[in-house]
Amino acid sequence: MSLEARLATGTIGVAVARSLRAPGDLFGFAERRNPKRAFLFVSKVLGRHIPVAPSVMRAATRDLAAAIPADLPGPVLVVGMAETAIALGAGVQQDYVAATGRTDVVYLPTTRHPLGSLLWLTFEEEHSHATRHLLHAPVDPALAAPARGARSLVLVDDEASTGKTFLNLAHAFREAGLAPERIVLATLTDWSGGEAARALGASNATLLEGRYAWTPNPGAPLPEMPSVDVTARGAHSPDPARDWGRLGVREHRRPSIAALAPRPGERILVLGTGEYVFPPFLLAEALEAAGADVRFSAVTRSPIAVGHAIETALAFGDNYGLGIPNFLYNVTREPYDRILICVETGRAALDPALVAALGARVVEDGELYA
């Protein structure tokens, strides 16, 4: 199957070789506000740029987990790529553990938020709007030992195009002294035709495999990118003492919905913020299980133009105190009875313009478990 989209700066076309679902149910096209790479594959199952039912996102993580060999040499370290694939990676790790019953699987996402002296390694994502990734070393000995001694790596991202970012991460691991026996690349869509995995000698776990071709429009002006390439501590930096995953995790805490009292059929949107997405996703999942009609999405620093898969965009200040713009796509107030914005930085750090635009209730991290 072939699909294409004509963007302002060029034409993006894809040829789908294999897909577990209808390709149109997995992704759409959009245009990045980024001169280094002008096109974007927008996932329809990820809960980042397009609101999605938690059950749809869970089905995707479960399918990806099922494609990962159950007998990988342990310990296994699962790495989710910031910021888009943090919740995806956590869900894959959680579903892999549930399916296999293993107790030696640690989840550790990359981040753009330094946590003091806990840095393990860094690597680059050259085409990104935010190029530098950090990976922190677990502090808990029960997590540090299996992470540093991992015999298998599962690297999770929403898509693979050339595989260069995966290669950079694998090289950084080798430089840090970790030489795994097995590597698995787990992606929702693999546009490298399997070459990303082959370049690493890795297994490939994906919902869709194909190839893409980008044809630029001669003379088209390059898009201007907002200044979001910041990897630093801000005025509201994450607190390592309240870590949900940046320092490693085996089991994810289940949030309580008692204080939210969802009504059957109530239309609720749950929003994560930046890298703080998996605890909000678990909240959305719990609300859906209680009978509410729930969608999940998240605030992002990724600058994308309106058009194609991006119907609306809101811009506002980030809640980490980095002084960069953040964005929310495909969200308006009207379809929902309630909108919940979840933050790890405290409600005072959130731009009041976003709260006002959505008529939202802000939920702090500690309130999820009350």
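For the structure, check the block above.
What counts and what doesn't
- Residues numbered from 1 in each chain as written.
- Predicted model: local features only at pLDDT ≥ 70, side-chain atom pairs only at ≥ 80, totals over all residues.
- Heavy atoms only, no water.
- Pairing = 2+ DSSP bridges.
- Helix = DSSP H or I, 4+ residues; strand = E, 2+ residues; numbered from the N terminus.
- Axes fitted to C-alpha atoms, helices over the stretch in contact; angles between N-to-C directions.
- Contact = heavy atoms within 4.5 Å.
- Salt bridge = Lys/Arg side-chain N within 4 Å of Asp/Glu carboxyl O.
- Buried < 20%, exposed > 50% of the residue type's maximum accessible area, 1.4 Å probe, protein only.
- Phe/Tyr/Trp six-rings, centres within 6.5 Å; stacked < 30°, edge-to-face > 60°.
- Lys NZ or Arg CZ within 6 Å of the ring centre and 35° of its normal.

Peer 1: Mind showing me how you'd approach the sheet that holds strand β17 (residues 361-364) here?
Peer 2: Pairing between sheet strands relies on hydrogen bonds along the backbone, with the strands arranged either parallel or antiparallel. Reading across from one edge, β13-β12-β16-β17 is the order of the 4 strands in this open sheet, with parallel pairing throughout. On the outer flanks of this sheet lie β13 (293-299) and β17, each paired with one strand and no other. The average angle at which neighbouring strand axes cross in this sheet is 25°, direction not considered. Packing of helix α7 (residues 278-289) onto the sheet brings it into contact with β12 (267-273), β13 and β16 (338-343), and relative to β12 it is tilted by some 165°.

Peer 1: Hey, could you run me through the pattern of salt bridges in this one?
Peer 2: A pair can form between side chains of opposite charge whenever their charged atoms are brought close. If you walk through the whole model with that rule in mind, you get 18 salt bridges. Across the pair E4 and R6 runs a salt bridge, and its minimum N-O distance is 3.5 Å. Assessed through its relative accessible area of 49%, E4 is described here as partly exposed. Overall, R6 belongs to the exposed group, its relative accessible area being 62%. Ionic pairing is found between R338 and E266, a salt bridge with its closest N-O pair at 2.7 Å. Remark: E266 occurs in the loop between β11 (203-216) and β12 and R338 occurs in strand β16; sequence separation between them is 72 residues. Each of the two residues, R338 as well as E266, counts as buried. It is possible to trace a salt-bridge network through shared partners that takes in R58, D95, R254 and E285.

Peer 1: Is there a simple way to think about the packing of aromatic side chains in this case?
Peer 2: Scanning the model with the defined rule gives 14 aromatic pairs in all. With a centroid separation of 6.1 Å and 70° between ring planes, the pair formed by F41 and Y212 is classed as edge-to-face. Here Y212 lies in strand β11 and F41 lies in strand β4 (residues 39-43), a separation of 171 residues in the sequence. F41 sits in the buried class, given a relative accessible area of 5%. With a centroid separation of 5.6 Å and an interplanar angle of 80°, the aromatic rings of W120 and F173 are classed as edge-to-face. Linking W120 in strand β7 (residues 119-124) with F173 in helix α5 (residues 164-175), this pair joins segments that are 53 residues apart in sequence. Judged by its relative accessible area of 12%, W120 is buried. Aromatic ring contacts, followed pair by pair, group F27, F29, F39, F41, W191, Y212 and W214 into a single cluster. The ring of Y369 carries the charged tip of R253 above its face, separated from the ring centre by 3.7 Å.

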